[in-house]
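# Secondary and tertiary structure notes
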Amino acid sequence: MKTLFFVIAVVFMIGVGGCASVPPESVTLSSEVGAGIKKQQQAQVGFLNLYFEAKRKDLDAAFQRALNTYFSTIAPSGSVTLTKTQLDDVAKDVIDLSRKNAQAKESLEKVRIALLTKLDENYQTLNQANSTVTGLLQSVVSTKEAANKSIQLINTTTDGRIQLDKVFAEIDSFVVKGGSEAGKAIDLIEKITNITK
């Protein structure tokens, strides 16, 4: 029976020993980082949208100035009589200016969409990385909590005859001493046997 408990203790130690010491607060902190990432993304999207809205207004203002300049050139005094052919030419010119304005806005919109798409891709990658880290931290914390409960259960179940926390402390000490103490594995076995009596 002692040997079975000893084997269980060693296997359990190997499983728990691989877990880093991660405080439970790290999961909350990682989640808060995720929320911060989302707020940062929203702020940057808002900034880009405002910037491009201002540029569209600049294009409209430039279009209006071009129209004003055009009409003051053909009618400097504010009034002019045009033939049908001249009026057709004026209409074509105005339509051409309007088309150029629309093309400029279309190009601007393509750039806006491309930037937003790239921004979204980068934030998706960042979000996935943060979610993975949060999940790993939660897993480590849950594993550590489960390990602590199991250690307590074994202590209780064996009426204190097997105290895994003491066993693990001896094994950790042995491992830390490593090379210089490696030849004294028999001492480790004796110490563990004495703890589990």
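What you are looking at is a predicted structure, and each value in this text was computed from that prediction instead of being measured. Note that residues are indexed from 1 along each chain, following the sequence as it is written. Where local features are concerned, this predicted model is filtered to residues with pLDDT of at least 70; where side-chain atom pairs are given and counted, the filter is 80 or more; whole-chain, interface and lining totals use all residues. The side-chain numbers reported here are obtained from all heavy atoms of the structure, hydrogens and water having been left aside.

What follows concerns the overall build of the protein. Helix and strand definitions here come from DSSP, where helices need a minimum of 4 consecutive H or I residues and strands a minimum of 2 consecutive E residues; each element is numbered from the N-terminal end. Helix and strand counts for the protein stand at five helices and zero strands. Going from the N terminus to the C terminus, the protein shows its helices and strands as α-α-α-α-α. Relative accessibility decides the category of a residue: with a 1.4 Å probe and only protein chains considered, values under 20% of the type maximum give buried, values over 50% give exposed, and everything between is partly exposed. Classification of the 197 residues of the protein by burial places 20% in the buried group. For the protein, restricting intrachain contacts to residue pairs at least 6 apart in sequence, the fraction spanning at least 24 positions comes to 75%. In what follows, residue pairs with any heavy atoms lying within 4.5 Å of each other are defined as contacts.

Patch membership requires more than 30% relative accessible area and the absence of a salt bridge. Residues of like charge join within 9 Å; the nonpolar side chains Val, Leu, Ile, Met, Phe, Trp and Tyr join within 5 Å. For every accessible area listed, the method is Shrake-Rupley and the probe measures 1.4 Å; residues are considered covered only by the protein chains on display. For this analysis, a salt bridge means a side-chain nitrogen from Lys or Arg found within 4 Å of a carboxyl oxygen belonging to Asp or Glu. A cluster of nonpolar side chains, namely Phe-71, Ile-74, Val-80, Leu-82 and Leu-87, defines an oily patch on the protein surface of about 380 Å² accessible area. Tracing the backbone shows Phe-71 in helix H2 (residues 25-74). On the basis of relative accessible area, Phe-71 is assigned to the partly exposed category, the value being 38%.

Let us look at the environment of Leu-137. Among the structural elements, Leu-137 can be located in helix H3 (residues 84-157). Taking the C-alpha atoms as reference points, Leu-137 and Ser-26, separated by 111 residues in sequence, lie 6.9 Å from one another. Not counting residues within four places of it along the chain, the set of residues in contact with Leu-137 comprises Val-22, Ser-26, Val-27 and Ser-30.

What follows concerns the packing of aromatic side chains. Each pair of aromatic rings is reported with the distance of its centres and the angle of its planes. Put simply, two rings from Phe, Tyr or Trp (the six-membered ring, in Trp's case) pair if the centres are within 6.5 Å, and we call them stacked under 30 degrees between planes, edge-to-face over 60, tilted for the rest. Counting across every chain of the model gives three aromatic pairs. With centroids separated by 5.4 Å and ring planes inclined at 80 degrees, the aromatic side chains of Tyr-70 and Phe-71 adopt a geometry described as edge-to-face. Grouping aromatic residues by their ring pairs yields a cluster made of Phe-47, Tyr-51 and Phe-52.

Summarising the element assignment, Ser-26 is placed in helix H2. Those residues in contact with Ser-26, other than ones at most four positions away along the chain, are Leu-137 and Val-141.

Moving on, we get to the nonpolar core. In this text, buried Ala, Val, Leu, Ile, Met, Phe, Trp, Tyr and Cys residues form a nonpolar core when linked through side-chain atoms within 4.5 Å. Among the nonpolar cores identified, the biggest contains eight residues, and these are Ile-151, Ile-154, Ile-162, Leu-164, Val-167, Phe-168, Ile-171 and Ile-192. Every element with two or more residues in this core is listed here: H3 and helix H4 (164-181). Per element, the largest residue contribution to this core is four residues, and it comes from H4. Discounting residues that sit within four places of it in the chain, Ile-154 has contacts with Ile-162 and Leu-164.

Bringing H2 into the picture now. Under the 1.5 Å per step criterion, the end-to-end length of H2 is 74 Å for 50 residues, consistent within 8% with the ideal 74 Å. Residues of H2 that are buried include every one of Ser-26, Val-27, Ser-30, Gly-34, Ile-37, Gln-41, Leu-48, Phe-52, Phe-63, Leu-67 and Tyr-70, and no others. Helix span, as expected, comes to 1.5 Å for every residue beyond the first.

Attention now moves to the pattern of salt bridges. Scanning the entire structure with this criterion turns up 10 salt bridges. The shortest N-O distance in the salt bridge between Asp-60 and Lys-105 comes to 2.5 Å. Taken together, the residues Asp-60 in helix H2 and Lys-105 in helix H3 connect sequence positions 45 residues apart. For Asp-60, a relative accessible area of 33% corresponds to the partly exposed category. Between Lys-110 and Glu-106 there is a salt bridge, with the nearest N and O atoms lying 3.6 Å from each other. Note that Lys-110 and Glu-106 are positioned in helix H3 at a spacing of four residues, about one turn of the helix. The partly exposed category is assigned to Glu-106, whose relative accessible area is 48%. Shared partners join several salt bridges into a network, and the residues in it are Glu-53, Arg-56, Glu-109 and Arg-112.

The next point concerns the side chain of Thr-134. Among the structural elements, Thr-134 can be located in helix H3. Excluding anything up to four places from it in sequence, Thr-134 contacts Val-27, Ser-30 and Ser-31.

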